[in-house]
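# Structural features, examined
Read off the chains here:
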Amino acid sequence: MEIFLDRLFSGLTSGSIYVLIALALVVVFRSSGTINFAQGEYALFTCFVAWWLTTKGCPLVLAMLVSMVVGFALGVVTERTLIRPIRKRNEAAVLIVALGLFTALNGADGWIWGPEDKVFPHLLPNGLNDYVLIGGARLHYDSIGIFVATGLVIALLALLLNRTPLGLKMRAVATNPESAALSGVKVGNVLSVSWGVSSAIGSFAGVLLVPVLPPNQLNLSGFFPILIFSSAAALLGGLDSIVGAVVGGLVFGVAESMLNGYATFLGGSLQLTVAFAIIVVVLVVKPTGLFGRRRVERV
Amino acid sequence: MTAVEPREDDEAVLDESALVEAPAPEDLPHDDIRSSGSALLEVRGLRAGYGGATVLHGIDVSVAPSEVVVVLGANGAGKTTLLRAIAGLIPHSAGEILVTGDVVKRARPEEMLRRGIGLVPQGRGTLTDLTVRDNLRVGAVTRKDRSGVSADVDRWCEVFPALAKRRDQVAGTLSGGEQQMLAIARAMMARPRLLLCDEVSLGLAPVVVQGLFRVLRELNAESDTALLLVEQNAELALAIASRVYLLEAGTVAASGATEAFRGNDAIRRAYLGY
């Protein structure tokens, strides 16, 4: 029982991170129908910014806020200067642009800050004794912090979408861009802001993620598997569904942890393959995902 | 994947027998009302199309304040393209669009709406994932008066009781007729001075269509909203319109007062189909 709970907590912790990145993917997909494969690298880049600020003596919380602002700006600028002009000419090329951004941002990280791993400060206490016992299993404070932070992001995003004029416009653009334009919504601006919000969520997730991600240090390759798992989670839930991203992320995190713990014959290195298998099975059986409405047809 | 613009891509197909009897162009009425100063909307020499294909080859159309004008023509004549170009959904390659005498340089939907021109698009353009209420609120995003907006939501729910019952329901679950009511109400939420309506009657039961036209007539009479209607159902449209434009292969083949059209047997047989 304790072992099961241990694995559950660990799964929910990584699941929460998948939820955050999946939400970032969903916000972009809803508005522009694109899966932003560079999402993980946006987060990594802004994590490097946060790390760099802390080495200059900036408090971590402030560095995190700055990284979110940088993430927002990065999202807006790439949508406006790269994604939108290219989409007009060739829809499929947008995917290549996202992949190009992926390598460009990763390359920029290494070029600016060097290839070696960085020790990243902890936002939350994670000493050996920083835990509460639940049913004999340890729930660490940093896990609790990540649950709370994830819940906060979900709540804020729900408020933004359902209770603000901007959210109304974002939902209108998501369901019918032409009608939104005919009603006077400046669709281009809504797209830019969506990319910005998405990227800011990614930045927030990144700072939470680094201390719990083996090897608990900031390195250039760390975010790629996270992006894959989060994409799988978003697809599982339905790429245009906020609820789907939450359910998909948690299910995926727990499934991964349980597979790791109980299906030891997989040896831990087959996780990525399992993730891909889930993507394929979901797309074959239910192309819109568990909660989604729109098929993935532009990929 | 197939392109979904069949109405405009189809070649203009007129009944062969009708074509034989069709009057020569010089016999058609051409009372072009060039009321520059007083026109709410004036379109001069408009050319527009999709990609490389030009659909409109120089169109002149004008609408006076609170006037009801109907555009008739066969499939592929360019009716929908004309409305989409006026609403700013597609760019025009030549010609001018004037609103109350001012040339609109960059016709974009939000710009045309700001100048008081709204479009009820063909196929209704329902925001299917949003509730009826949110659909109406989206229609008013250009407005700043919050209390006025919620009063207008109530007003349109009164005009269309079917919408009132489904106010908090997702719009994708509405029937075709209800979605068309919602489309008209959504466009009216911006309080346009001219409403462009593209095939309001398409695919709807006659009794529903009659109800919609009654509402269009009322909103024209009560709120002085001018109407530019594109219609397949010529009889209904002529019943509320004071002037007619007849499009043929992207040009205005004829135009004039409704009575002149009704009275001309050759035109009636050739273009109105009765």
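The numbers attached to residues start from 1 for each chain and follow its sequence in the written order. Each chain is given a letter, starting from A, and each ligand a number, starting from 1, according to the order in which they appear as written. Where local features are concerned, this predicted model is filtered to residues with pLDDT of at least 70; where side-chain atom pairs are given and counted, the filter is 80 or more; whole-chain, interface and lining totals use all residues.

### Considerations on the overall build of chain A
Runs of H or I in DSSP of at least four residues are treated as helices and runs of E of at least two as strands, each being numbered from the N terminus. Broken down by element type, chain A carries eleven helices and four strands. Computed over C-alpha atoms, the radius of gyration of chain A comes to 19 Å, within 12% of the 19 Å expected from 2.2 N^0.38 for 299 residues, which places it in the range of a compact globule. The principal-axis extent of the C-alpha atoms belonging to chain A is close to 60 × 50 × 35 Å. Using C-beta atoms placed from the backbone, we call a residue buried if 20 or more other C-beta atoms fall within 10 Å of its own, exposed if 12 or fewer do, and partly exposed for counts in between. For chain A, the residues scored as buried account for 49% of the 299 residues in total. Here the globule rule reads 2.2 Å times residues to the power 0.38, and the radius of gyration is calculated from C-alpha atoms.

### Thoughts on helix 8 (residues 176–188) of chain B
Owing to its 3.6 residues per turn, the α-helix brings residues three or four apart onto one side. Residue and element names in this part refer to chain B. Here, expected helix span is obtained from the residue count minus one, scaled by 1.5 Å. Over its 13 residues, helix 8 extends 18 Å from the first C-alpha to the last, a length consistent with the 18 Å expected when each residue adds 1.5 Å. Extensive coverage of helix 8 is indicated by the burial of eleven of its 13 residues. Burial in helix 8 covers these residues: Glu178, Gln179, Gln180, Met181, Leu182, Ala183, Ile184, Ala185, Arg186, Ala187 and Met188. Any pair of residues counts as being in contact when their C-beta atoms, constructed from backbone geometry, are within 7 Å of one another. Buried positions along helix 8 lie against strand 6 (117–120), helix 5 (132–139), helix 6 (146–159), helix 7 (161–165), strand 7 (194–198) and helix 9 (206–223).

### Side note on the interface of chain A and chain B
Each side of the interface is counted separately: chain A has 16 residues, and chain B has 20 residues. Elements supplying a minimum of two residues to the side of chain A that touches chain B: helix 6 (165–175) and helix 7 (177–182) of chain A. Charged means Asp, Glu, Lys or Arg here, nonpolar means Ala, Val, Leu, Ile, Met, Phe, Trp, Tyr, Cys or Pro, and polar covers whatever is left, Gly included. Each residue belonging to the side of chain A that touches chain B can be placed in one class, and the counts come to six nonpolar, five polar and five charged.

### Digging into the sheet that holds strand 9 (residues 243–248) of chain B
Residues and elements named next belong to chain B. Here a strand pair is declared whenever DSSP counts at least two bridges between the two strands. As summarised here, the arrangement of the six strands in space is 6-7-8-3-9-10, forming an open sheet in which the pairing is mixed. Two strands bound the open sheet, and with one partner strand each, they are strand 6 and strand 10 (251–257). Strand-to-strand twist across the sheet, computed as the mean angle between neighbouring axes with direction ignored, equals 15°. Relative to strand 8 (residues 226–230), strand 7 runs parallel, the two sharing five bridges. Within strand 8, the residue paired with Asp198 across the bridge is Val230. Axis lines are fitted through C-alpha atoms, for helices just across the contact stretch, and the angle between N-to-C directions can take any value from 0 to 180 degrees. Helix 3 (residues 79–86) rests against strand 3 (68–73), strand 6, strand 7, strand 8 and strand 9 of the sheet, and its axis sits at about 145° to strand 7.

### Considering the confidence of the model for chain B
Detailed reading of the predicted coordinates is not advisable wherever pLDDT is low. All names here are of chain B. For chain B, mean pLDDT is 86; residues scoring 70 or higher make up 84% of the total. Scored from 0 to 100, pLDDT records how confident the predictor is in each individual residue. pLDDT under 50 marks residues 1–25. Its contacts with residues more than four places away, or in other chains, come to 32 contacts. Here the complex is predicted with pTM 0.86, and the ipTM for its interfaces comes to 0.84.

### Structural notes on the environment of Thr80 of chain B
Relative to the helices and strands, Thr80 of chain B resides in helix 3. It is 6.5 Å that separates the C-alpha atoms of Thr80 of chain B and Asp198 of chain B, two residues lying 118 residues apart in sequence.

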